[in-house]
Structure formats: C-alpha cells, structure tokens
Amino acid sequence: MKIALVGAEFEENLGLRYIASSLETKGHQTEIFPFNSIFDRQNVIQAILTYKPDIVGLSMVFTSRAREFLNLSNHLKNAGYNGHIVAGGHFASFNSKQLLTDYPSITSVATGEGENLMVTLTNHLNEPGIVPGLCYRNDQGNIVCNPLPLKGNTNDLDLLPFPKRGSFHKYFGKKICNLVSSRGCWRNCAFCSICTWYEQIGGKKFRYRHIDNIVAEMKQLYDHEVRIFNFQDDNFFLPDQYQAIERFKTLRQRLREEKIDDVAIQIKARPESINKEAIEILRDMGLFRVFLGVENASNQGLKNLNRLQTIDQTVNALTILNDFDIHVEYNFLMFEPDVTMEDILCNIRFMGRYLENPFNFCRAEIYAGTGLATKLTAENRLMGDYFGFTYQIKEPKCEMFYQVANYAFFDRNFSVYGLHYFNTEISVHFQLLRYFYPSLITETLRCKVKDFIKQVNLDTYHWLCVIYDFINGGTHSQEERINFARQIRSIVDLKGKDLYLKGQTIFGWMEKSYEKRHDQNGFVHSSIIDADLQSFTQTSANNDEEHGLNETLDSITTSSDVVPCNSFIKELKKIK
C-alpha cells in the first residue's frame, strides 16, 4: 500500500519519519511531502495526485497551522483525490469530533502516537471499527471514536524502528540530524498540552530509550557522516538528578566504545535539572547548545504557570552553563492570564541582568486540555474557538502592555527572519565554528559575537522599559496609545534593521573564516573593521531619528482614562 505523509519539514519531522519507517518495515511504500506554508499547497496537491497514494496522513500538531492543513485537505478532494485522508497530531487528537463534523474531506482522525495506529489502519482500511484510537464516520454518517489500546502507547521505545532518513542539512560542512532519547515529560505545566495528551491516550506520560538503542542509532547516523546531533526531547534529563548523571556516564562510555567522537550535541532542559557534574559529562560528549526552559522570572508567574521551579534554580542553571561557555537560549512566557505589572517588571529586570544569552518573549497561549484552558473556562474568560483560544489579561494595564509589546516586537519575535531568531543563529554558528575549527577563532571574532548578542538584548530591554514607563505612568487616551504603539513599532523595526546588518557582517566573517580554513598563512579580517566604520556612520544617523522619537514620547500627556482593550486591538488592525 502507498502512503503519503504530509507535514512541516523545516527540520526533520521525526513524527512522520517514525511512522514512515514503521510502515516500511511492514512492506508498505511511503513518501514524505513537506508542507511548510500555505504557498506549498498547490505543489503538494500535484505531487500527491502524481504519487496516487491509498492513504494521505496529515501531521496536524500545531493550532496555528490547522486551517492550512484543512484547506489542503479540501483542495486535495476537490482536485480529484478519492483516497483516505487521516489527520493526526496534538491538535487533531484534541479536536477529533469537531474536525470530522466540520470538514467532510477528513476521513478519520488518529488519536495518540501514530506508528502502530497507521500500520493497523493500512491492514484494515475498509474496517475502521477495529483500529484502536481511530475516530471516523460510520456508514450512517455518525462519528465513532474507537477505544484506545488497553495499555496506551508503546512503553518500550526500543521496539520502534529508527526514523526514516533522507538528506541532511549542514553547518560549516557538518551534517546535522534530529533524534530523541525519550518521549513525553515528567512535569505538568499549565500552558503545555504534552502531559494532557499522554493522559488522554493512555500509557506512561514519560518514557525513555535504552542507552544501547540510542547509541545504535547514533552509530548508524555517524557512519553517514552526521556530526551534529539535535536531541528534541522535551527534557533531556531524567526526573532524578543522580539517575540522570549515571545515564549520561553510560552514554559517554558507550559512545567512546563505538568510537563516536568529535560530535556536537544540543539539548533542551529545565533549570532544576542543571548541575555542574551533569554538564561536565555532557560537555565532554560534545554539548554545545542548551535550550533552557526559563519561561518566567517572577515567583508568582512561575506559580501561575505551574512550573515547579524557582528563580534561584534558573540563576544557578544560567551560571553553570555560562561558566562552561555553552550556548544557552531561553524564552519568556512573560504574559499570562493573571500577570501583574510587578511580574512584568521582574521579567524585564531579569532580561537586563542576563544580556549575554539570546532570548525571546511572548504570551502563554491556550491549548485544549491544558491547565490554563481549564482555569479560564471555569472563570468564563476563555474566548475564541478550537482554531485559536484567546483571553484578556485580568489587569487592564497588563493587557495594554501586552498589546503594545506584541505589536511593537512582532517581527523581532515571530518572523523567521526576526532579530531574536537571528541573534540565536549567530551564537549557534559561532559555537559550532569554535567547536569544530577552534584554530579559526580569534578573540576579535569572539568579542564581536558576544557584543552583538548583548546589543540585541539591550535594545529589546531598553524599549520594553520605555513601554513599561508609559503604561505604568498613568492613564492615556486611546489615540495616545495608538500613536505610542506606532512610534515604538517604527523605532524597534528601524533599530532591528541596523542590528541585523551588523549581524550579517559577523555571520559573513565566520563563513569567510570557514572558507579559508585551509589557508596556512591566515588572512586579515579587514571587512569587520570597514563594517565598524560604516556602522558608526549609520548609528549617528539613526540617533537623530531616535531623538525625534524621544521628543514625541516626552510630549505624550497622561490625562485620559483607560479604554477597553478590544477597541485598541481593532485600531491596531488598521495599522499597516
């Protein structure tokens, strides 16, 4: 049987690749079709029609892209595809009945992990009633959801075949791949649907692979010249600190025995998991990057998000990772339903204290089945529908702060080419260049990278402080707030462009260093000096524009009352 698997492929989609390998071990033919944006729709439809699969599987993990996948399904049916279309992933699982009710083009929805379910579906395509975990329409048009397997998902991850691989991306000539050492999470944060999803589909909510199984996959990839391993576990650490250390020691020893050396590793971790001994072991194995789950720098904010960590643990984790000179980045869920101005100030001041690490910030969004969704529903504060739940922050000033900051920093925070993303990219590339080609690193280059990261963070910190002072300084008319938001957006974008150009110069310097790595005589990095002179001239010009903005901000009055935030949102939508 032929199966087409459709999903985002900015990186390797491990969910689809695990399903593909599970199907292929049973003799089926699979093809993965990348669907990275709505602009790929027509090409994907044409490719599927040419492939003529019996089943099309849609990887509907994220709420933000759900409509795009459903539109793809509709257009695929309209183009003449008459096969079975099954949707899977977190979003589809939580909203299975709604999808089957509202979208006739969807034949069924797979709830739970897809490897065994998809294999069973291919064997019983005309008997959907015996496929555990499948939701579908019966012959009478009624929606039926089959019971899940009695034991839930497979507890023994070692039984799964390694994910299907294709071509690999490269960084400075080194191939990179994604893999996981575990599935699920051992915490239960209020904003995250992972634990709720696993509770819904049964089985353990956190499972991990045996070290020998991980090393076998790494060895296979290593033999294909992969040298950068990106572990996508929600948390690479075990719940018990000492068990985690012993696991890392065993992994290090097995990698040495298999002669898997000169590799770079990146992971995700919670702050309370970080300790010096564990990082020493991981650093010895090639750890160069950690995405740290900071999320919030206010004690009350952490409590509201059910993070079960402390500020001291976050500070300790950052200190350890920075002492080892490992790239560490983090995200702030700075806005949540019950945030206060005091909480916002705690987060802003934390940014100001830790300028050396790339960061981003956003609002805690609401997903089906999460603690926040349950809370807001009980309080009658949940708005929107299953394609995007939303809410207003309880404190009006905080809601206004969010609206202004979200509008002003939208491109910087969320664009693929956003400055905060680029800040991380610069740091990661520097770490990889330093790790694999240490002789190419000069102190001047190191200084430029570190300085650039701080400049970006300092600029974001500065304008968040300006927003804080404006919002906290008194009440303002709707027109004043609209004008303020426009002015902040203008200057943030202008400063962002200037910083982006500086970053491109540094990025070009690293690429030039790599290209000339075989030049035994070395070379002079004159381009960075020229760029500094150009930057000085540009900064002088930008200062004039910034001065004009400051004069405008100083002239804003504080006499009017606060107006409803939804009116402000409507006005912002008019801004181009």
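Residues numbered from 1 in each chain as written. Predicted model: local features only at pLDDT ≥ 70, side-chain atom pairs only at ≥ 80, totals over all residues. Heavy atoms only, no water.

## Observations concerning the overall build of the protein chain
A tally of regular secondary structure across the protein chain gives 21 helices and 18 strands. Counting across all 576 residues of the protein chain, residues that qualify as buried make up 53%. Sequence separation of at least 24 residues holds for 76% of the intrachain contacts in the protein chain that already meet a minimum separation of 6. When the accessible surface of the protein chain is totalled, it reaches about 25,900 Å², and 50% of it is carbon and sulfur. (Helix = DSSP H or I, 4+ residues; strand = E, 2+ residues; numbered from the N terminus. Buried < 20%, exposed > 50% of the residue type's maximum accessible area, 1.4 Å probe, protein only. Contact = heavy atoms within 4.5 Å. Areas by Shrake-Rupley, 256 points an atom, 1.4 Å probe, with all protein chains shown as cover.)

## Here we look at helix α7 (residues 194–201)
When you tally the buried positions in α7, you get six out of eight residues, the bulk of the element. Taken from the residues just after α7, G202 is the one with a positive phi, measuring 85 degrees.

## With respect to the packing of aromatic side chains
As enumerated under the stated definition, the model contains 29 aromatic pairs in all. Positioned above the aromatic ring of Y18 is the side chain of R183, whose terminal nitrogen or guanidinium carbon lies 4.8 Å from the ring centre. For the cation-ring pair, R489 lies above Y407, with the distance from its terminal atom to the ring centre recorded as 4.7 Å. (Phe/Tyr/Trp six-rings, centres within 6.5 Å; stacked < 30°, edge-to-face > 60°. Lys NZ or Arg CZ within 6 Å of the ring centre and 35° of its normal.)

## As for the state of the cysteines
Counted under the stated rule, the structure contains one disulfide. Disulfide partner of C135: C145, at an S-S distance of 2.4 Å. The sign of the 115 degrees torsion about the S-S bond sets the C135-C145 disulfide as right-handed. Separated by ten residues along the polypeptide, C135 in strand β6 (residues 134–137) and C145 in strand β7 (residues 143–145) bring together distant segments of the chain. Accessibility expressed as a relative area gives 3% for C135, which makes it buried. (Disulfide = S-S within 2.5 Å.)

## Let's talk about the confidence of the model for the protein chain
The share of residues in the protein chain with pLDDT of 70 or more is 90%, and the mean pLDDT across the chain is 90. Contacts of residues 552–573 to residues separated by more than four positions or lying in other chains number 49 contacts, the stretch itself having pLDDT below 50. (pLDDT = per-residue confidence, 0-100.)

## A short note on the pattern of salt bridges
A full pass over the atoms with the stated rule returns 35 salt bridges. A salt bridge links E258 to R254; the nearest nitrogen and oxygen atoms lie 3.6 Å apart. A residue is classified by how much of its surface remains accessible, and E258, at 27% relative accessible area, is partly exposed. Taking the relative accessible area as the measure of exposure, R254 reaches 19% and is therefore buried. Its salt-bridge partner being R446, residue D325 comes within 2.9 Å of it at the nearest N-O pair. Of this pair, D325 sits in the loop between α12 (311–323) and β15 (327–335) while R446 sits in helix α18 (residues 443–472); the two residues are 121 residues apart in sequence, bridging distant segments of the chain. (Salt bridge = Lys/Arg side-chain N within 4 Å of Asp/Glu carboxyl O.)

## Observations regarding the pairing of strand β14 (residues 287–295)
Burial analysis of β14 places seven of its nine residues in the buried class, the great majority of the element. Where β14 and β15 come together, five bridges link them in parallel fashion. From the neighbouring strand, F291 faces β15, where its bridge partner is E329. (Pairing = 2+ DSSP bridges.)

## Considerations on the sheet that holds strand β12 (residues 226–231)
Ordered by their spatial adjacency, seven strands build an open sheet running β8-β9-β12-β13-β14-β15-β16, and the pairing between neighbours is mixed. The two strands at the open ends of the sheet, each matched to only one other strand, are β8 (169–171) and β16 (359–363). Across the sheet, the mean angle from the axis of one strand to that of its neighbour is 25 degrees, orientation sign disregarded. As paired elements, strand β9 (residues 174–179) and β12 share five bridges and run parallel to each other. Within β12, the residue paired with C177 across the bridge is F229. Contacts from helix α8 (residues 211–222) reach β9 and β12, with the element oriented near 140 degrees to β12. Running over the sheet, helix α17 (residues 419–436) touches β8, β9, β12, β13 (264–269), β14, β15 and β16 and is turned about 160 degrees from β15. (Axes fitted to C-alpha atoms, helices over the stretch in contact; angles between N-to-C directions.)

## Regarding the sheet that holds β7
The strand order across the open sheet built from seven strands is β2-β1-β3-β4-β5-β6-β7, with neighbouring strands paired in mixed fashion. What marks the edges here is a single partner per strand, and that holds for β2 (29–34) and β7. For this sheet, the mean inter-axis angle between neighbouring strands, taken without regard to orientation, is 20 degrees. One ladder, built from four bridges, connects strand β1 (residues 2–7) with strand β3 (residues 55–59); its direction is parallel.

## A short note on the nonpolar core
Counting 92 residues, the largest nonpolar core has F229, F237, F401, L464 and I467 as its most contacted members. Sorting elements by how many residues they give to this core places helix α15 (residues 396–408) first, with eight residues. The contact partners of F401, leaving out residues within four places of it in the chain, are M334, F335, M341, I344, I348, L464, I467, Y468 and I471. Residues A4, I48, L76 and C135 belong to the second largest nonpolar core, which totals 29 residues. (Core = buried A, V, L, I, M, F, W, Y, C linked by side-chain atoms within 4.5 Å.)

## So, the pairing of strand β4 (residues 84–88)
Across the five residues that make up β4, a large majority, five, are buried. Side chains H84, V86 and G88 project from β4 onto one buried face, and the interleaved I85 and A87 project onto a second face that is buried too. Here five bridges tie β3 to β4, and the two strands are oriented parallel to one another. Across the sheet, residue G57 finds its bridge partner in β4, namely V86. Following the backbone out of β3, through helix α3 (residues 66–78) and into the adjacent parallel β4, one traces a crossover that is right-handed. Both β4 and strand β5 (residues 108–110) contribute to a ladder of two bridges, which runs parallel. Residue A87 lies in a different strand from β5, and its bridge partner there is V109. (Right-handed = clockwise from strand over helix to strand, strands pointing away.)

## Points about the environment of H476
Positionally, H476 belongs in the loop between α18 and α19 (478–515). Under the relative-accessibility criterion, H476 is labelled buried at 4%.

## Comments concerning the packing of α8 against helix α9 (residues 241–257)
When two helices pack together, their arrangement is given by the angle between their axes and by how far apart the axes lie. Viewed as axis vectors pointing N to C, α8 and α9 meet at an angle of 40 degrees, and their least axial separation amounts to 10 Å. On the basis of the axis angle, α8 is oblique to α9. Here α8 runs over α9; the crossing is right-handed. Where α8 abuts α9, its residues I211, D212, I214, V215 and M218 lie against R247, T250, L251, R254 and L255. The residue inventory of the contact of α8 with α9, partitioned by class, reads six nonpolar, one polar and three charged. (Parallel < 35°, antiparallel > 145°, perpendicular 65-115°, else oblique. Left-handed = near helix turned anticlockwise from the far one by under 90°. Nonpolar A, V, L, I, M, F, W, Y, C, P; charged D, E, K, R; others polar.)

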